[in-house]
Amino acid sequence: MSEVQSGQAEIKKYQTYALNVDPLQDDKATEIKLCNFSRPHMRAFHCSWFCFFTAFFIWFAIAPLMPEIKQTLGLDKQQIWTSNICSVAGTIFMRFVNGPICDKYGARIPMGVILVGASIPCALTGLVTNAANLSVLRFFIGLGGSTFVMCQYWTSRMFTKEVVGTANALVGGWGNLGGGVTQLIMGSVLFPLFKLGMSAEMAWRTVCIVPAFVGVAVGLTILKISDDAPKGNYGEMKKNGTMAEVSAAASFRAGAMNFNTWLLFVQYACCFGVELTMNNAAALYFREKFLLTTETAAAIASLFGWMNLFARGVGGFISDKANARMGMRG
């Protein structure tokens with residue numbers, strides 16, 4: 001393990017790093033070591049993807065259970081799709097807010113707060129009695145999906161422009177992997193396990209306590225074990241003069257006025273919109289179209305999400321190589 005000695009004149013949390021860094025890019029790491037968990041760079045890397053993974057666990061915990069929920073509440077197709085739309089609407093709204101918040105406070109604190117906050121409605125899933133309840137509940141659970149902003153911001157703060165595409169793609173992809181794993185864990189493992197001691201209705205009403213508990217535990221833990229930036233946490237950096245105060249409103253205006261922002265907005269809406277549709281609808285589709293059990297339908301639906309294990313990382317790697325040759329045009 002190589003260490004890079006930092007300058008002693010500047011006040012910062014760490015004087016040495018486990019990864020090679022570029023002092024000209026604010027001590028961001030120039031390499032990625034996947035089996036390394038040291039602070040600040042790789043600890044933030046692993047906290048980033050695991051938090052986003054946990055957010056997906058919370059966000060889509062209901063999806064593989066939808067066949068059972070539909071039967072219990074007597075929902076029609078329109079009511080189910082309305083709840084799916086509400087789930088996505090929650091994350092869209094919060095993602096606009098989270099960007100400026102990250103610029104001002106860093107990724108660590110809002111990541112922990114939103115994970116804990118989204119866990120509360122997830123734990124209340126068992127209290128749903130009608131379609132309106134379900135839609136409102138899924139809107140607030142969907143706020144957890146906005147942790148994607150912190151996920152990407154965190155690694156962008158820790159890695160240089162030469163490798164940040166790969167870093168962002170890996171943490172985003174491994175986080176999105178939670179959409180597939182959740183289908184498997186909730187629909188094919190936990191739901192049948194809970195059914196051993198209770199009715200199918202009581203099982204789906206209580207099983208969402210598990211992802212809620214995980215969300216709270218992870219959200220509180222990362223506040224203590226990780227850092228906002230290579231040189232420390234934003235609060236400390238502002239106090240010692242390492243970082244200037246940032247206006248969240250000014251940050252939002254600058255991003256909103258950039259034409260490239262809206263080009264990426266449209267592209268991302270198209271690709272991620274397909275993924276969200278699959279995550280929400282696949283289990284119910286397989287259950288009704290092929291008359292499968294809830295457990296089997298959830299297992300098959302999980303396969304789509306597993307592609308994130310490699311596909312997104314490959315895209316980030318290609319992006320870094322293209323940037324090295326041609327630059328980031330636009």
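What comes next is a walk through the structure. (Residues numbered from 1 in each chain as written. Predicted model: local features only at pLDDT ≥ 70, side-chain atom pairs only at ≥ 80, totals over all residues. Heavy atoms only, no water.)

With that out of the way, let us pick up the overall build of the protein chain. Of regular secondary structure, the protein chain possesses 14 helices and 4 strands. Its C-alpha atoms give the protein chain principal-axis dimensions of roughly 65 × 40 × 40 Å. Counting only residues that meet the buried cut, the protein chain has 50% of its 330 residues in that class. In the protein chain, once contacts between residues fewer than 6 apart in sequence are set aside, the share between residues at least 24 apart is 75%. A total of about 15,200 Å² of accessible surface is found on the protein chain, and carbon and sulfur atoms cover 70% of it. Between the averaged position of the 27 positive side-chain charges in the protein chain and that of its 19 negative side-chain charges there is a distance of 3 Å. (Helix = DSSP H or I, 4+ residues; strand = E, 2+ residues; numbered from the N terminus. Buried < 20%, exposed > 50% of the residue type's maximum accessible area, 1.4 Å probe, protein only. Contact = heavy atoms within 4.5 Å. Areas by Shrake-Rupley, 256 points an atom, 1.4 Å probe, with all protein chains shown as cover. Lys, Arg positive; Asp, Glu negative; His and termini not counted. Charge placed at Lys NZ, Arg CZ, Asp CG, Glu CD.)

Before going further, it helps to examine the layout of surface pockets. Roughly 210 Å³ of internal volume is contained in the second largest pocket. Taken together, Lys70, Lys77, Ile80, Trp81, Asn84, Asn280, Ala281, Leu284, Tyr285, Glu288 and Lys289 form the lining of the second largest pocket. Contributing elements (two or more residues each) for the lining of the second largest pocket: helix H3 (77-105) and helix H12 (259-289). Top element by residues in the lining of the second largest pocket is H12. It accounts for 6 residues. Within the lining of the second largest pocket, the residues separate by chemical class into 5 nonpolar, 2 polar and 4 charged. (1 Å grid on protein atoms, 1.4 Å probe; cavity = no way out; pocket = protein on both sides within 12 Å on 5 of 7 lines; lining within 4 Å. Points joined across faces, edges and corners; volume = space filled by probe spheres on them. Nonpolar A, V, L, I, M, F, W, Y, C, P; charged D, E, K, R; others polar.)

Here the focus is a nonpolar patch on the surface. Nonpolar side chains collect at one region of the surface, where Ile300, Leu303, Trp306, Met307, Leu309, Phe310, Val314, Phe317 and Ile318 lie side by side and expose about 870 Å² of accessible area between them. Mapped by element, the contributors of at least two residues to the nonpolar patch are helix H13 (294-306) and helix H14 (311-326). Position of Phe310 relative to the elements: it lies in the loop between H13 and H14. (Patch = residues over 30% accessible without salt bridge, like charges linked within 9 Å, V, L, I, M, F, W, Y side chains within 5 Å. Salt bridge = Lys/Arg side-chain N within 4 Å of Asp/Glu carboxyl O.)

This part takes up the packing of H3 against helix H6 (residues 147-158). In contact at an axis separation of 8 Å, H3 and H6 are set at 35° when each is read in the N-to-C sense. You can see that H3 and H6 cross each other, and the crossing is right-handed. Every residue of H6 that contacts H3 at Arg95, Asn98, Gly99, Cys102 and Asp103 is listed here: Thr147, Phe148, Val149, Met150 and Tyr153. Its residues placed into classes, the contact of H3 with H6 shows 5 nonpolar, 3 polar and 2 charged. (Axes fitted to C-alpha atoms, helices over the stretch in contact; angles between N-to-C directions. Left-handed = near helix turned anticlockwise from the far one by under 90°.)

Relative to the 42 Å expected for 29 residues at 1.5 Å per residue, H3 spans 41 Å between its end C-alpha atoms, a close match to the ideal helical length. In the structure, H3 departs most strongly from a straight axis at Arg95, where the bend amounts to approximately 30°. At the exit of H3 stands Gly106, carrying a positive phi of roughly 90°. (Expected span 1.5 Å × (residues − 1). Bend = angle between axes of the 7 residues up to and from the residue.)

With that out of the way, let us pick up the packing of helix H1 (residues 41-59) against helix H4 (residues 108-123). Packing of H1 against H4 brings their axes to within 10 Å, and their N-to-C directions diverge by 15°. Looking at the two axes, H1 sits roughly parallel to H4. The element H1 and its partner H4 pack so that their crossing is left-handed. On H4, the residues touching Ser48, Cys51, Thr54, Ala55 and Ile58 of H1 are Met111, Leu115, Ala118, Ser119 and Cys122. Here the residues of the contact of H1 with H4 are counted per class, giving 7 nonpolar, 3 polar and no charged. (Parallel < 35°, antiparallel > 145°, perpendicular 65-115°, else oblique.)

Looking now at helix H7 (residues 164-195). An ideal rise of 1.5 Å per residue puts 46 Å on 32 residues; H7 measures up with 44 Å between its terminal C-alpha atoms. At Val181, H7 shows its largest bend, some 35°. Of all 32 residues in H7, 25 are buried; the element is thus mostly enclosed.

Now for the packing of aromatic side chains. What the rule picks out here adds up to 18 aromatic pairs. Where Phe56 meets Trp59, the ring centres are 5.3 Å apart and the plane angle is 55°; that geometry is what we call tilted. Here Trp59 and Phe56 lie together in helix H1, a separation of 3 residues that amounts to about one turn. Looking at Phe56, the relative accessible area reads 0%, which means it is buried. With a relative accessible area of 1%, Trp59 lands in the buried category. Ring geometry for Phe148 and Tyr268: centres 5.4 Å apart, planes at 10°, overall stacked. Placement of Phe148 in helix H6 and of Tyr268 in helix H12 is noted, with a sequence separation of 120 residues between them. Since its relative accessible area comes to 24%, Tyr268 is described here as partly exposed. Members of the aromatic cluster, joined through ring pairs, are Phe45, Trp49, Phe50, Phe53, Phe159 and Trp174. (Phe/Tyr/Trp six-rings, centres within 6.5 Å; stacked < 30°, edge-to-face > 60°.)

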